[in-house]
Amino acid sequence: MYILIELIGIFFFAVAGSLMAARRGFDLLGSAFLGGVCGLGGGVVRDLILNQSPATFAHPVYFIPPVLAALCVYAFTPSVQKLHRLVQLFDAAGLGLFCVTGTLKALENDFNPVTAVLLGVITSVGGGLMRDVISNVTPDLFNPRDIYALAAMVGAALTAVVWHLGIMNVAVGAGIAGLAFAIRVASIRFGWSVPLAAGHWHRPNPTPPASDGPQRHF
């Protein structure tokens, strides 16, 4: 069941990566590669931090979703103008699933809850970050008009809490993933954001307009 959930999450992320490839004008192989990076990147980083051989290389089945995603995007891609929203939608679906599975895997390996939440967030945002860097676009992770990582953090934290309460099951995990997905989509729809790194009192005031009259120098 765990592998099935991960494969679904990989597919959603891979579709987001392949849509980005279509948006940037990549060829079909580039689409499969970018989909693979997006779908598998976060999990590989997580497994390396857990000091494990990445599951991607132990189970070749993990490479199937990126290939399917590239073929689906090739066959059914709408007009390029619609691609950005679709990238965000599929990315949100993958983020919701991976913040749960990443956190659970860390907890199952006896990591403390704080570290488990951190690994859940890394699993969720790692692939998307790599995708955006390769595509030479501003990563959603650093977009000031987005709450990308915050949605993953909420889902990962809830997963850790539910795990320690002993009530984690497929339905609860799906609900948490759905909540993280809903937060991400709502943030896109309503323009939610987190405060900037520098408060408004630290930012310089706008330069006043120059006067039309003669300037006096002192």
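Owing to the predicted nature of the structure, the values given are computational and were not obtained by experimental measurement.

A few words now on the packing of helix 1 (residues 2-23) against helix 2 (residues 28-49). Their axes nearest at 7 Å, the elements helix 1 and helix 2 cross at an angle of 135°. The angle between the axes of helix 1 and helix 2 places the two elements in the oblique class. The element helix 1 and its partner helix 2 pack so that their crossing is right-handed. For the pair helix 1 and helix 2, the contacting residues are Y2, E6, I10, F13, A14, G17, S18, M20 and A21 in the first and G30, S31, L34, G35, C38, G39, L40 and R46 in the second. Across the contact of helix 1 with helix 2, the residue classes tally to nine nonpolar, six polar and two charged.

Its identity is not glycine, yet D110 carries a phi of approximately 65°, on the positive side. Mapped onto the elements, D110 comes out in the loop between helix 5 (83-108) and helix 6 (113-134). Judged by relative accessible area, D110 falls into the exposed class, the value being 71%. Positive phi outside glycine occurs at N136, with the angle close to 60°. Take N136: it is sitting in the loop between helix 6 and helix 7 (148-165). Accessibility expressed as a relative area gives 64% for N136, which makes it exposed.

Conventions and cut-offs
- Residues numbered from 1 in each chain as written.
- Predicted model: local features only at pLDDT ≥ 70, side-chain atom pairs only at ≥ 80, totals over all residues.
- Heavy atoms only, no water.
- Axes fitted to C-alpha atoms, helices over the stretch in contact; angles between N-to-C directions.
- Helix = DSSP H or I, 4+ residues; strand = E, 2+ residues; numbered from the N terminus.
- Parallel < 35°, antiparallel > 145°, perpendicular 65-115°, else oblique.
- Left-handed = near helix turned anticlockwise from the far one by under 90°.
- Contact = heavy atoms within 4.5 Å.
- Nonpolar A, V, L, I, M, F, W, Y, C, P; charged D, E, K, R; others polar.
- Buried < 20%, exposed > 50% of the residue type's maximum accessible area, 1.4 Å probe, protein only.

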